[in-house]
Amino acid sequence: MPKSPAIRRYTRAIIGLSLLYAGTLIGAELVFKAHEPSGPVAYAIAILPALPIIGMFAAIGRYLNEEQDEYVRMLAVRQTLIASAFALSIATAWGFLESFEVVGHVDSYFIAVLWFGGLGVGSVVNHFTVRAS
């Protein structure tokens, strides 16, 4: 099945944003280790790796808006809903465990990591759902 223009744009955006993320993360790490910035500069440098991830969320939203095949869009929406439920459920449970000092602290940016992992869970669910029908 040929890929739609929407999925091709999405794929290019995600690859570009992934490369940008890697570059900004490595750059921010190097700057903080070498120069220990402070004040507004530290905030600006520290937020840089988050921007491509935010861009990835926007790219997913754009893809969902642009995909013309309603069935393919429904599968993508289900995948993102599963990812959201997966990440938010784990983050919520971990937050309570953390608040009762049963587990250690985990940085909140790992919620995005869980969400992207949840896309994989959603993809597996879609695979077996489509296969069963």
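See the structure printed just above.
About the thresholds
- Along each chain, numbering runs from 1 in the same order as the chain's sequence is written.
- Local features in this predicted model are restricted to residues whose pLDDT is 70 or higher, and side-chain atom pairs enter the listing and the counts only when it is 80 or higher, whereas totals over whole chains, interfaces and linings include all residues.
- For the side-chain quantities, the full set of heavy atoms in the structure was used; hydrogens and water were omitted.
- Helix and strand assignments follow DSSP, with helices taken as H or I runs no shorter than four residues and strands as E runs no shorter than two, numbered in order from the N terminus.
- Only the C-alpha atoms count toward the radius of gyration. The rule for a globule is 2.2 Å times the residue count to the power 0.38.
- Buried residues are those whose accessible area, probed at 1.4 Å on protein chains only, stays under 20% of the maximum for their type, while exposed residues exceed 50% and partly exposed ones sit between those limits.
- By the convention used here, residues are in contact when the closest approach between their heavy atoms is within 4.5 Å.
- Residues enter a nonpolar core if they are buried and are Ala, Val, Leu, Ile, Met, Phe, Trp, Tyr or Cys, with the set joined through side-chain atoms within 4.5 Å.
- Angular values range over 0 to 180 degrees, each being the angle between N-to-C directions of two axes fitted as lines to C-alpha atoms, with helices fitted over their stretch in contact.
- An angle counts as roughly parallel when it lies under 35 degrees, as roughly antiparallel when it exceeds 145, as roughly perpendicular when it falls between 65 and 115, and as oblique in every other case.
- Put simply, Ala, Val, Leu, Ile, Met, Phe, Trp, Tyr, Cys and Pro go in the nonpolar bin, Asp, Glu, Lys and Arg in the charged bin, and everything else, Gly too, in the polar bin.
- Each crossing gets its handedness from the near helix: less than a right angle anticlockwise from the far helix is left-handed, clockwise is right-handed.
- When two rings of Phe, Tyr or Trp (its six-membered ring) have centres within 6.5 Å they constitute a pair, described as stacked for plane angles under 30 degrees, edge-to-face for angles over 60, and tilted for the intermediate range.
- Here a salt bridge means any side-chain nitrogen of Lys or Arg lying within 4 Å of a carboxyl oxygen belonging to Asp or Glu.

Quick notes on the overall build of the protein
If you tally the helices and strands in the protein, you get 5 helices and 0 strands. Tracing the protein from N to C terminus, the helices and strands come up as α-α-α-α-α. In terms of C-alpha radius of gyration, the protein reaches 18 Å, well past the compact-globule figure of 14 Å for 133 residues. In terms of overall dimensions, the protein has C-alpha extents of about 55 × 40 × 20 Å along its principal axes. In the protein, buried positions account for 23% of the 133 residues. By sequence separation, contacts in the protein at least 24 residues apart represent 73% of the contacts at least 6 residues apart.

Things to note about the nonpolar core
Counting residues in each nonpolar core, the largest one holds 9 residues, listed as Ala6, Ile60, Tyr63, Leu64, Ala76, Ala83, Ala87, Trp115 and Leu119. Of all elements in the fold, only helix H3 (50-66), helix H4 (70-99) and helix H5 (110-132) reach the threshold of two or more residues within this core. Discounting chain neighbours no more than four positions away, the residues touching leucine 119 are Ile60, Gln79, Thr80 and Ala83.

Looking at the packing of helix H1 (residues 5-35) against H3
Between H1 and H3, the least distance of the axes is 9 Å, while the angle of their chain directions is 175°. In terms of orientation, H1 lies roughly antiparallel with respect to H3. Along the contact surface, H1 presents Ala6, Ile7, Arg9, Tyr10, Ala13, Ile14, Leu17, Ser18, Leu20, Tyr21 and Thr24, while H3 presents Pro52, Ile53, Gly55, Met56, Ala59, Ile60, Arg62, Tyr63 and Glu66. Taken together, the residues of the contact of H1 with H3 break down into 14 nonpolar, 3 polar and 3 charged.

Some remarks on the packing of H4 against H5
In the contact formed by H4 and H5, the axes pass within 7 Å of each other and the chain directions differ by 135°. Looking at the two axes, H4 sits oblique to H5. In terms of crossing hand, the pair formed by H4 and H5 is right-handed. A breakdown of the residues in the contact of H4 with H5 according to their chemical character gives 15 nonpolar, 9 polar and 1 charged.

Re the packing of aromatic side chains
Taken as a whole and judged by the stated rule, the model has 5 aromatic pairs. Ring centres of phenylalanine 57 and phenylalanine 116 lie 5.5 Å apart, and the angle between their planes is 5°; this geometry places the pair in the stacked category. With phenylalanine 57 in helix H3 and phenylalanine 116 in helix H5, this residue pair connects regions lying 59 residues apart in the sequence. For phenylalanine 57, a relative accessible area of 34% puts it in the partly exposed group.

As for the pattern of salt bridges
What the rule picks out here adds up to 2 salt bridges. The residue arginine 9 makes a salt bridge to glutamate 66 at a minimum N-O spacing of 3.0 Å. Taken as a pair, arginine 9 in helix H1 and glutamate 66 in helix H3 lie far apart in primary sequence, 57 residues in all. Note that glutamate 66 is salt-bridged to arginine 62, the shortest N-O span being 3.5 Å. Highlighted residues: glutamate 66 and arginine 62, both in helix H3, separated by 4 residues, approximately one helical turn. By relative accessible area, glutamate 66 is classed as partly exposed at 24%.

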